[in-house]
Amino acid sequence: MNTTDNSGDVRLSGISKTYGAFTAVHPLDLTVPQGSFFALLGASGCGKTTTLRMIAGLEEPSGGTVFLGDQEVTHLPPYKRPVNTVFQSYALFPHLDIFENVAFGLRRRGIKSVKKQVVDMLDLVQLGEQARKKPHQLSGGQQQRVAVARALINTPKVLLLDEPLGALDLKLRRQMQLELKRIQTEVGITFVHVTHDQEEAMTMADTVAVMNAGRVEQLGSPTDLYENPNTTFVANFLGTSNLIEAEVDTKSGDDIVLKAGGGKLVLPEARCSAPTTTGGKVLVGVRPEKISLTHADDAGEIPEGRNRITGKIADSSFIGVSTQYVIDCPVCPEFEVYAQNIDRDARLVPGAEVVLHWNPAHTFGLDAAQDID
Ligand code: ATP
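The notes below deal with the structure included here.

Scoring rules and cut-offs
- Residues numbered from 1 in each chain as written.
- Predicted model: local features only at pLDDT ≥ 70, side-chain atom pairs only at ≥ 80, totals over all residues.
- Pairing = 2+ DSSP bridges.
- Helix = DSSP H or I, 4+ residues; strand = E, 2+ residues; numbered from the N terminus.
- Axes fitted to C-alpha atoms, helices over the stretch in contact; angles between N-to-C directions.
- Contact = placed C-beta atoms within 7 Å.
- Near = placed C-beta within 6 Å.
- Nonpolar A, V, L, I, M, F, W, Y, C, P; charged D, E, K, R; others polar.
- Parallel < 35°, antiparallel > 145°, perpendicular 65-115°, else oblique.
- Left-handed = near helix turned anticlockwise from the far one by under 90°.

**A few points about the sheet that holds strand E3 (residues 37–41)**
Consideration 1: Spatially, six strands are ordered E6-E7-E8-E3-E9-E10 in an open sheet, and the strand pairing comes out mixed. Each having just a single partner strand, strand E6 (83–87) and strand E10 (215–220) make up the two edges of the open sheet. Geometrically, the sheet is characterised by an average inter-axis angle of 20° between neighbouring strands, direction not taken into account.
Consideration 2: Direction of pairing for E3 relative to strand E8 (residues 190–195): parallel, over a ladder of five bridges. Among the inter-strand pairings, Ala-39 is bridged to a residue of E8, identified as His-193.
Consideration 3: Taken strand by strand, helix H4 (residues 140–152) contacts E6 and strand E7 (158–162), and its axis lies near 170° from that of E6.

**Considering the site of the ligand**
Consideration 1: Taken together, Tyr-19, Phe-22, Ala-24, Gly-42, Ser-44, Gly-45, Cys-46, Gly-47, Lys-48, Thr-49, Thr-50 and His-196 form the complete shell of residues around the ligand.
Consideration 2: The set of elements that each furnish at least two residues to the shell around the ligand consists of strand E2 (22–32) and helix H1 (48–56).
Consideration 3: Residue contributions to the shell around the ligand peak at three residues, all from H1.
Consideration 4: When its residues are assigned to classes, the shell around the ligand shows four nonpolar, seven polar and one charged.

**A word on the packing of H4 against helix H5 (residues 170–187)**
Consideration 1: It is the contact of H4 with H5, at a shortest axis distance of 10 Å, that shows an interaxial angle of 20°. Taken together, H4 and H5 sit at an angle that is classed as roughly parallel. Like other packed secondary-structure pairs, H4 and H5 cross with a definite hand, here right-handed. Facing Gly-140, Gly-141, Gln-144, Arg-145, Val-148 and Leu-152 of H4, the residues of H5 in contact are Leu-172, Gln-175, Met-176, Glu-179, Ile-183 and Val-187.
Consideration 2: Looking at the contact of H4 with H5 residue by residue, the class counts come to six nonpolar, four polar and two charged.

Here it is as structure tokens:
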């Protein structure tokens, strides 16, 4: 018979943190399921580290409760919680070799025969060959993997990672993102990862919580957040979005028809987080890579049923796989519209009149009453 192991669940219920009159984390409810890779993503100062530290027991919450599995740990000190934390500053012991750094947690618990566990752990992080080196003889990425091995050997139910790749250069960072994901999949324990890097969160995490000013603004899978952002903050934080001001006209089946300038745009109702009553203001969003560009002279060739707006190319830059365009569109004078195109139409140069068109299914709708970041 299968029993469900939930010992690695993290459950935050109404958890908050204030410093005097300042609220770093507003009451927050969050559940991280056992075995998932969860990212807290947000700009500097949004409260992600404070949230992580409250899970670790390094910060006392001002209100709310923390559960790890079925156990309430809100007021337990860090060492009594089944968690380990990996910090950006790897905090390895400089005088101990890699083997002893990893063995440290076991030895401290009085375990005498540590060899097999340490060797297995070093193999897991692919550092078997480096066991007798000192930390300063390793690269940043290797030191980071030692820090992960040293935490994992304590068999925590949850591994907390606080910007662990922040000190690495971009190439190594990308490698380590994949490496951490591999390790997490292999050991199958819950990882909660704090980062301000949207690409990092999207690459590694099953679920991402986007934080803004002490609140979780949206929670979802990377694809869901990218394709269906609920707020302008999330839309802009996760990549480039084009936002067009429009007004609800009618409904047609599962779609909403909107007026934008003199034209119409169609949006699936399910992808609209704004009120959809006639006359309501909606910010219509579409990602640059979903837009096709057609020179105005060929507008007649654009298939029926696509959303379309007109504009003039303001700027273009070749970025290898595609060309990126900035386009002035009368329908959205407040915004620059970005399009990314793989066509090599030589007429698509600054000054050219173009039609931008896309599949209505790739359109999302945001509440225009929100602040635009
Ligand atoms: P970063 O990526 O820069 O670490 P963060 O999103 O992790 O940012 P936190 O470290 O959680 O942000 O801090 C959230 C807010 O709480 C910040 O405005 C910070 O200045 C404030 N803060 C954190 N610790 C304290 C403290 N001990 N006393 C007062 N304010 C604090």
